[in-house]
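An overview of the molecular structure
What follows is each chain in one-letter form.
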Number of protein chains: 2
Amino acid sequence: MRADDQQWETSVERPDGTRRRATIHDVAKLAGVSRQTVSRAVNDKGEIDPATKERVLEAARLLDYRPSRFARGMVQKGAVTAGLVIPDLMNPFFPEVAAGVLEAAEQRGWQVVMWDSRIDEARERDALDVLSHQADAIIGYFKSPDEVLARHLGGVPLVLLERGPQQTRFAAVGIDAAAGLEQGMAHLVGAGHRRIGMLDGVHGPGPRRQAFLEEARRNGLPVDDSWIALCAEHSVAGGEAGMERLLDTRPDITAVFGFNDLIAVGAMRTARRRGRRVPDDLAVLGFDGLSLGELVEPALTTLHIDKRRLGRLAVEQVARLRAGEEPLRGADAWLAPELVVRTSA
Amino acid sequence: MRADDQQWETSVERPDGTRRRATIHDVAKLAGVSRQTVSRAVNDKGEIDPATKERVLEAARLLDYRPSRFARGMVQKGAVTAGLVIPDLMNPFFPEVAAGVLEAAEQRGWQVVMWDSRIDEARERDALDVLSHQADAIIGYFKSPDEVLARHLGGVPLVLLERGPQQTRFAAVGIDAAAGLEQGMAHLVGAGHRRIGMLDGVHGPGPRRQAFLEEARRNGLPVDDSWIALCAEHSVAGGEAGMERLLDTRPDITAVFGFNDLIAVGAMRTARRRGRRVPDDLAVLGFDGLSLGELVEPALTTLHIDKRRLGRLAVEQVARLRAGEEPLRGADAWLAPELVVRTSA
DNA sequence: CGAGAGTCCGTGAGCGTTCACGTGAACGTT
DNA sequence: AACGTTCACGTGAACGCTCACGGACTCTCG
């Protein structure tokens, strides 16, 4: 085999000398049959002599022919592609949501193209610009406001993850933070805690903080901003740093609620490093229910979310949008967390 | 607005009464312009009067027109789609690899459609059947042998993850288990360990076990199958169960090497539950370098892999295949793990 | 006032498939 | 011998879009 054999085999010469991918026509010519016969061979349809079929396939192999998915899509309708935009694949929460999306999509025969926005609004827009051209619907977490999304959406249906109904005019699925915090606070207050802090996430006052404040008020606890510290990132390190600050401003807290499990784990680590026993001196409550929480010490008490279900629900929401039906609203689209009591609180 | 307005607005009636999605032609007709002008408007090209552009966009909005990505793809070449097949999104290892793939793909302007095979060969084949039609190249973990892959591939370039050069004729990128085990074993033996067991993964004797045996021999340690237990799944639970059996058959071990970090963590838990202190009574060594390992107690000593880099490398490998270049072989495509000593060993 | 330039818009062709037919040959049936 | 059937294959059209043209119209300026 000569060195340039591969070049010769895998493409076809143009009049201008450049090379292009082989088309069905090239295969037909080489095999001495019509396009239709090539189509029959490669698609394993009937009505073809086994011998010619073999000859066609050989020609296809030689030219490294692969049907254009675009040309196919033109004529065969029904291939659905959903876009999925995830803010941070390193946070174990999101792969699990993604798994739910993939599972539901597979069942429906859809495919999903994935995008990691890495919590960057510019990358969010890039994702939308691409996916609005390449996907039939988009599911995802977005920081950008509705108007920006709409501008980069070009009319493609969108299902937002965890953006409250008051906060968006798009269809959405999410988590009922209030229902979660109610359980969580009841647990902490029931254990005698009155001085409860919160380690909030980076995106400013969201539903979780709001629910936290609401429940604190309902339980007659002292509430003001001094009980809340912001974490620069939604990670263990972010939680560690946030907890440092919270303990500085509020050394008297006896319990802390973490925006998510990662932050809560960070809080535990800082607390112990600073000489507080968990849960005896300081109770820690997480939010997410990562399996990681069972592995740390002490095991993390948390408000568990069925993340796979959230993903499946998002796909169902997309299906409704596509069918022209009303999207799910309220409790059907808003999952309630479940308190899982382990040892950290 | 009447109840059927939405129907009317979002689709176009066919002669036979059914409805289809609006095309560029429908928009042109409604706006009283030509297809080309519609194209100019929706693609934000120049050479169009702002007023007519507005009129066209309004018509497009009314008909809920979105350009067919297939028709676009037909004429505008260059959109590359890669398929990524992951065995288990719940294992934190794989999202990190995926993140690397997504990162590199984004840089090249490619998109990636993801598939979770959930360690099921039938699902692997489904993935290939779909992706071979919809993707320009495929990256992934596969259990199925080469012939099966080839049969469902239809000529699409494939880059295998972690399948050794001797084990496949496809291009691949992976991890140099031997280089890792050399460091790991040196560490354990250097600490005085002579009776070292292994918790192997579910897929039978792979490179990691082979490297383990090799190094054990090189260090003059006793080696036979009694020092190895199989884990039914690559998870903490799998590691726990495997460790139970290993401690039953080999109560005299002083160190154990886990197939991956999850299994190693499981091993630690079982060891401690059975009254052995880690690392004093039993040293535990992991493989993967999940960030989880820093969080458990004691912190896991492990052979760390740059998983993102592995993902990026896979994309680079695909790029080579597509360019007709020789794929990377040897050290360039086979990442060496790095021993990260923490406290478990 | 006519030539040239600029602005806006339309026309035909072509992208690579598949689908619904149409055709011709070989074979059997009455 | 005339006719239907089956098999293997080919032909034209259609899918929805963009690109390279070209045409009409307005504006400017010598």
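Here is what the cut-offs are and how they apply
- Residues numbered from 1 in each chain as written.
- Chains lettered and ligands numbered in written order.
- Predicted model: local features only at pLDDT ≥ 70, side-chain atom pairs only at ≥ 80, totals over all residues.
- Heavy atoms only, no water.
- Domains from an automatic or database assignment.
- Helix = DSSP H or I, 4+ residues; strand = E, 2+ residues; numbered from the N terminus.
- Expected span 1.5 Å × (residues − 1).
- Buried < 20%, exposed > 50% of the residue type's maximum accessible area, 1.4 Å probe, protein only.
- Near = heavy atom within 4 Å.
- Polar contact = N/O pair within 3.5 Å; in protein donor to acceptor, adjacent residues only side chain to side chain.
- Nonpolar A, V, L, I, M, F, W, Y, C, P; charged D, E, K, R; others polar.
- Least-squares fit on C-alpha atoms with pLDDT ≥ 70 in both.
- Contact = heavy atoms within 4.5 Å.
- Pairing = 2+ DSSP bridges.
- Axes fitted to C-alpha atoms, helices over the stretch in contact; angles between N-to-C directions.
- Phe/Tyr/Trp six-rings, centres within 6.5 Å; stacked < 30°, edge-to-face > 60°.
- Lys NZ or Arg CZ within 6 Å of the ring centre and 35° of its normal.
- Buried area = accessible area lost by both parts, 1.4 Å probe.
- Salt bridge = Lys/Arg side-chain N within 4 Å of Asp/Glu carboxyl O.
- Parallel < 35°, antiparallel > 145°, perpendicular 65-115°, else oblique.

Some remarks on the domain arrangement of chain A
Taken domain by domain, chain A comprises domain 1 (5-74), domain 2 (81-176 + 307-335) and domain 3 (177-305). Look at where the C-alpha atoms of domain 1 of chain A and domain 2 of chain A centre, and you get two points 38 Å apart.

Quick notes on helix H6 (residues 93-108) of chain A
Helix length check: H6(A), at 16 residues, gives a terminal C-alpha distance of 24 Å against a target of 22 Å (1.5 Å per residue), a fit within 8%. Counting buried residues along H6(A), 13 of its 16 residues qualify, which places the element largely inside the surrounding structure.

Description of the protein's contact with DNA strand C
Around DNA strand C, the surrounding shell holds 29 residues, and the nearest of these are Ile24(A), Ser39(A), Arg72(A), Thr37(B) and Asp49(B). Sugar and phosphate atoms constitute 57% of the interface atoms of DNA strand C, taking the interface as everything within 4 Å of the protein. Contact distances for DNA strand C include 3.2 Å between a phosphate oxygen and a side-chain N or O atom of Lys45(A). Interatomic distance of 3.1 Å between a side-chain N/O atom of Tyr65(A) and a phosphate oxygen of DNA strand C. Elements supplying a minimum of two residues to the surface near DNA strand C: helix H3 (35-42) and helix H5 (69-75) of chain A together with helix H3 (35-42) of chain B. Class assignment for the residues of the surface near DNA strand C results in 9 nonpolar, 11 polar and 9 charged.

Things to note about the relation of the copies chain B and chain A
Relative to chain A, chain B is turned by 180° and slid 0.0 Å along the rotation axis, the superposed coordinates differing by an RMSD of 0.1 Å. Viewed as a symmetry operation, the transformation between the two copies matches a two-fold axis. Relative to the rotation axis, the C-alpha of Val113(B) is the closest in chain B, positioned 2.0 Å from it. A share of 100% of interface residues in chain B that are also interface residues in chain A marks the association as one of identical surfaces.

Describing the sheet that holds strand S5 (residues 137-140) of chain B
The 12 strands lie next to each other as S13(A)-S7(A)-S6(A)-S5(A)-S3(A)-S4(A)-S4(B)-S3(B)-S5(B)-S6(B)-S7(B)-S13(B), forming an open sheet whose pairing is mixed. Of all the strands in the sheet, the pair left with one neighbour each is strand S13 (334-335) of chain A together with strand S13 (334-335) of chain B. Pairing analysis gives 3 bridges linking strand S4 (residues 111-116) of chain A to strand S4 (residues 111-116) of chain B, with the strands arranged antiparallel. Across the sheet, Val112(A) pairs through a bridge with Met114(B), a residue of S4(B). Packed onto the sheet, helix H14 (residues 307-323) of chain B meets S5, strand S6 (158-161), strand S7 (171-175) and S13 of chain B and runs at close to 165° relative to S7(B).

Thoughts on the packing of aromatic side chains
Scanning all chains against the criterion turns up 8 aromatic pairs over all chains. Ring centres of Phe93(A) and Phe94(A) lie 5.2 Å apart, and the angle between their planes is 85°; on these two criteria the pair is classed as edge-to-face. Plain terms: the ring middles of Phe257(B) and Phe287(B) are 6.0 Å apart, the flat faces sit at 65° to each other, and that makes the pair edge-to-face. Note that Phe257(B) is positioned in strand S10 (residues 255-258) and Phe287(B) in strand S11 (residues 283-288), a separation of 30 residues in sequence. In this structure, Phe257(B) and Phe287(B) share a single accessibility class: buried. Members of the aromatic cluster, connected to one another through ring pairs, are Phe93(A), Phe94(A) and Tyr141(A). Above the ring of Phe170(B), the side-chain terminus of Arg169(B) is found at 4.9 Å from the ring centroid.

With respect to the interface of chain B and chain A
Listed per partner, the contact involves 49 residues of chain B and 49 residues of chain A. Between chain B and chain A lies a buried interface of about 4,400 Å² when both sides are counted; carbon and sulfur atoms form 54% of it. In terms of surface lost to chain A, no three residues of chain B exceed Arg69(B), Phe70(B) and Leu295(B), which account for 16% of the buried area on that side. One can count 8 salt bridges joining chain B with chain A. A salt bridge links Arg272(A) to Glu297(B); the nearest nitrogen and oxygen atoms lie 3.1 Å apart. Across the chain B-chain A interface, the total number found is 16 residue pairs in polar contact (both at pLDDT 80 or more). Residue assignment for the side of chain B that touches chain A shows that the elements contributing at least two residues are helix H5 (69-75), helix H6 (93-108), S4, helix H7 (121-134), helix H12 (261-273) and helix H13 (292-295) of chain B. In terms of residue count, H6(B) provides more of the side of chain B that touches chain A than any other element does, 7 residues in total.

Some words on the packing of H3(B) against helix H4 (residues 50-63) of chain B
Residues and elements named next belong to chain B. Packing of H3 against H4 brings their axes to within 9 Å, and their N-to-C directions diverge by 90°. Between H3 and H4, the angle falls in the class roughly perpendicular. Contacts between H3 and H4 involve Thr37, Val38, Ala41 and Val42 from the former and Lys53, Val56 and Leu57 from the latter. Broken down by class, the residue content of the contact of H3 with H4 amounts to 5 nonpolar, 1 polar and 1 charged.

Quick word on the pattern of salt bridges
For the structure on display, the rule yields 47 salt bridges over all chains. Salt bridges here are not isolated pairs; linked through shared partners, they connect Glu240(A), Glu244(A), Asp248(A), Arg269(A), Arg273(A) and Arg274(A).

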